[in-house]
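# Structural overview for review
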Amino acid sequence: MSIQYGEPDMAGSYGVVDSFPKDFGYGGDEAGIDDDSSASADTQPRILLMGLRRSGKSSIQKVVFHKMSPNETLFLESTNKIHKDDLSGSSFVNFQIWDFPGQVDFFDPTFDDEMIFTGTGALIFVIDAQDDYVEALGRLHGTVSRAYRVNPHINFEVFIHKVDGLSDDHKIETQRDVYQRANDDLADVGLEKLHLSFYLTSIYDHSIFEAFSKVVQKLLPQLPTLENLLNIFISHSGIEKAFLFDMVSKIYIATDSSAVDMQSYELCCDMIDVVIDISCIYGPIEDGGAYDKESLAIIKLNNTTVLYLKEVTRFLAVVCVLREESFERKGLIDYNFHCFRKAVHEVFEVGCRTQRNGGRPDDSLTSSTSTSSSTHAPNHRNYASHNGSMM
Ligand SMILES: Nc1nc2c(ncn2[C@@H]2O[C@H](COP(=O)(O)OP(=O)(O)OP(=O)(O)O)[C@@H](O)[C@H]2O)c(=O)[nH]1
Ligand SMILES: [Mg+2]
């Protein structure tokens, strides 16, 4: 079959199926953070969604980025041309997501793999775990080996998808089997260097958001710096866990270095839904947005835990989990948050300036744009310490 290349379907984005208003966010450029929202589509990094027909590619894209409820995906029609979804301007995730038709034929002369794979940051291959996946493994092998030859820098991500129908044992067994067979196939053709990452996903729980978070994080050059900033912020504030969330997609683009437990992550996601839904329904209409500079929410749970959400940038919010006793020192948390917020803005300002200089660091910032994870971290002395004394 011949492939058609669809234009970015902005009309469908954040409109029909979404609960977010089109003008989600607040106007005016904030510290240059989304300066490159007007960048040409071709210069944005791409995430490709590939896999066999009916494996769930379009559902993933709709659920994660367009707030479609999982049940609605039952009515999605089969994709017949590449659907390019441009998220810049509406989400921190400043990528293009390309949703491919399942029946894409790599041997078709109209399939321009140079054009498609050059400039691609991540290739997500979706395998339907509820189906017989032998054919999918063959297609995975063909796809990644072809893409790797064009662009060896692509991150190859395999979503073992629709695992909601599988028992826990079956999930682990399927993951082990897929991992083994996919890597054996690559080793057979001397592609041992090609690294595949595997995730168990379903649109019916938070696993798809978690997996997408990891995919996006790998593409963020600022990740080590953000992690470092979150570590400093929580350790000085008596916070147990903190996530930096993209409010539109509920993808977390960074978290502190303690292990992520699914329950905390799900609670934080639910809190975002509550905040946005309440603001959308009851917020002042003239403000337009469900999320702005003033956005702040505190929810006390019945197990002495507190959830704390606060705006960081136009698209990002920090969501923290902490004990009630730590929250008694709210002034301290607010002060440290202020330092953290300022530092995050600095990180993205530097990134924008570097981009404008064609990848070269700004002369005046040369010393602060090296890749070390601590370079943008503000001086520890700026933070007030949770044990009472100033650092
Ligand atoms: N149980 C379950 N079903 C899912 C999941 N994700 C998607 N589906 C269902 O899978 C079916 C196919 O989903 P699509 O998103 O259209 O699949 P696709 O890969 O885009 O298909 P093509 O466009 O034909 O290539 C739909 O009925 C979805 O509801 C999941 O996580 N669990
Ligand atoms: Mg589709």
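All figures in this text were calculated on a predicted structure; none of them were measured in a lab. (Residues numbered from 1 in each chain as written. Chains lettered and ligands numbered in written order. Predicted model: local features only at pLDDT ≥ 70, side-chain atom pairs only at ≥ 80, totals over all residues.)

## Notes on the overall build of the protein
A tally of regular secondary structure across the protein gives nine helices and 11 strands. Per-residue burial over the protein gives 39% buried out of 391 residues. Counting contacts in the protein only where the partners sit at least 6 residues apart, residues at least 24 apart contribute 73% of the total. (Helix = DSSP H or I, 4+ residues; strand = E, 2+ residues; numbered from the N terminus. Buried ≥ 20, exposed ≤ 12 C-beta atoms within 10 Å, placed from the backbone. Contact = placed C-beta atoms within 7 Å.)

## Focus: the site of ligand 1
Near ligand 1 lie 22 residues; those nearest to it are Gly56, Ser58, Ser59, Thr79 and Gly102. Considering each element in turn, the shell around ligand 1 owes the most residues, three residues, to helix 1 (residues 57-66). Taken together, the residues that form the shell around ligand 1 break down as five nonpolar, 12 polar and five charged. (Near = placed C-beta within 6 Å. Nonpolar A, V, L, I, M, F, W, Y, C, P; charged D, E, K, R; others polar.)

## Section: helix 5 (residues 207-218)
The end-to-end C-alpha separation of helix 5 is 17 Å, in line with the 16 Å expected for 12 residues at 1.5 Å each. Among the 12 residues of helix 5, nine are classified as buried, and the element is accordingly described as predominantly covered. Those residues of helix 5 lying buried are Ser207, Ile208, Phe209, Glu210, Ala211, Phe212, Ser213, Val215 and Val216. (Expected span 1.5 Å × (residues − 1).)

## Observations concerning the confidence of the model for the protein
Predicted confidence across the protein gives a mean pLDDT of 79, with 75% of residues reaching 70 or more. Mean pLDDT across the elements of the protein ranges from a minimum in helix 9 (residues 330-356), with 82, to a maximum in strand 5 (residues 155-161), with 97. Counting contacts from residues 361-381, a segment whose pLDDT is below 50, to residues more than four positions away or on other chains yields 34 contacts. Ignoring residues within four places in sequence, the model shows residues 386-391, a span with pLDDT below 50, making 12 contacts including any to other chains. (pLDDT = per-residue confidence, 0-100.)

## Side note on helix 4 (residues 168-188)
Compared with an ideal rise of 1.5 Å per residue, which puts 21 residues at 30 Å, helix 4 spans 30 Å between its outermost C-alpha atoms and is within 8% of the ideal. If you check which residues of helix 4 are buried, you get Val178, Ala182 and Leu186. Looking straight down helix 4, one finds that the buried residues subtend no more than 55° of arc, so they occupy a single side. Of the exposed residues in helix 4, those oriented more than 90 degrees away from the buried face are Asp169, Ile172, Glu173, Arg176, Gln180, Asp184, Ala187 and Asp188. In this fold, the buried residues of helix 4 make contact with strand 4 (120-128), helix 3 (134-150), strand 5 and strand 6 (196-201). (Arc of directions from axis to C-beta.)

## Focus on unusual backbone geometry
Negative phi values dominate among residues other than glycine, just as trans dominates among peptide bonds. One non-glycine residue with positive phi stands out, namely Arg54, at about 65°. Summarising the element assignment, Arg54 is placed in the loop between strand 1 (46-51) and helix 1.

## Topic: the sheet that holds strand 4
The six strands lie next to each other as 2-3-1-4-5-6, forming an open sheet whose pairing is mixed. Strand pairing shows two members of the sheet lacking a second neighbour, strand 2 (83-86) and strand 6, which therefore form its edges. Going from strand to strand, the sheet's axes swing by 20° on average, the running direction of each strand aside. In this sheet, strand 5 lies alongside strand 4 in parallel orientation, the contact comprising seven bridges. Each bridged residue has a counterpart across the sheet, and for Ile124 the counterpart in strand 5 is Glu157. Relative to strand 3 (residues 96-99), helix 1 is tilted by about 150°, and along the sheet it contacts strand 1, strand 2, strand 3 and strand 4. Sheet contacts for helix 4: strand 4, strand 5 and strand 6; angle to strand 6, the most-contacted strand, approximately 155°. (Pairing = 2+ DSSP bridges. Axes fitted to C-alpha atoms, helices over the stretch in contact; angles between N-to-C directions.)

## Here's the deal with the nonpolar core
In terms of nonpolar packing, the biggest core is built from 94 residues, with Ile124, Ile127, Leu244, Phe245 and Val319 touching the most fellow members. Sequence-distant contacts of Ile127, defined by excluding residues within four places in its chain, comprise Gly51, Ser55, Tyr133, Ala136, Leu140, Val158, Phe159, Ile160, His161 and Val178. (Core = buried A, V, L, I, M, F, W, Y, C linked by C-beta atoms within 7 Å.)

## Things to note about the sheet that holds strand 8 (residues 251-255)
The strand order across the open sheet formed by five strands is 8-7-11-10-9, and the pairing between neighbours is antiparallel. Looking at the sheet topology across the chains shown, the edges are occupied by strand 8 and strand 9 (296-300). Here the average twist between neighbouring strands, direction ignored, is 20°. With four bridges connecting them, strand 7 (residues 239-246) and strand 8 associate as antiparallel partners. Residue pairing for strand 8: Phe243 is matched across the bridge by Thr255.

## Examining the packing of helix 1 against helix 5
Relative to each other, helix 1 and helix 5 sit at 85°, their axes nearing to 10 Å. Judged by the angle between their axes, helix 1 and helix 5 are roughly perpendicular. For the pair formed by helix 1 and helix 5, the contact residues are Ile60, Val63 and Val64 on the first element and Ile208, Phe209 and Phe212 on the second. Residues that form the contact of helix 1 with helix 5 fall into these classes: six nonpolar, no polar and no charged. (Parallel < 35°, antiparallel > 145°, perpendicular 65-115°, else oblique.)

## Some remarks on the packing of helix 3 against helix 4
One way to put it is that helix 3 packs onto helix 4 with a least axis distance of 10 Å and a crossing angle of 45°. With respect to helix 4, the axis of helix 3 lies oblique. As for how helix 3 packs across helix 4, the hand of that crossing is right-handed. Residues Leu137, Leu140 and His141 of helix 3 lie in contact with helix 4, whose contacting residues are Val178, Arg181, Ala182, Asp185 and Leu186. Of the residues contributing to the contact of helix 3 with helix 4, the split by class is five nonpolar, one polar and two charged. (Left-handed = near helix turned anticlockwise from the far one by under 90°.)

## Quick word on the pairing of strand 4
Taken residue by residue, a regular strand's side chains alternate between the two faces of the sheet. Counting buried positions over the nine residues of strand 4 gives nine, a clear majority of the element. The β-α-β motif built from strand 4, the intervening helix 3 and the parallel element strand 5 has right-handed crossover chirality. (Right-handed = clockwise from strand over helix to strand, strands pointing away.)

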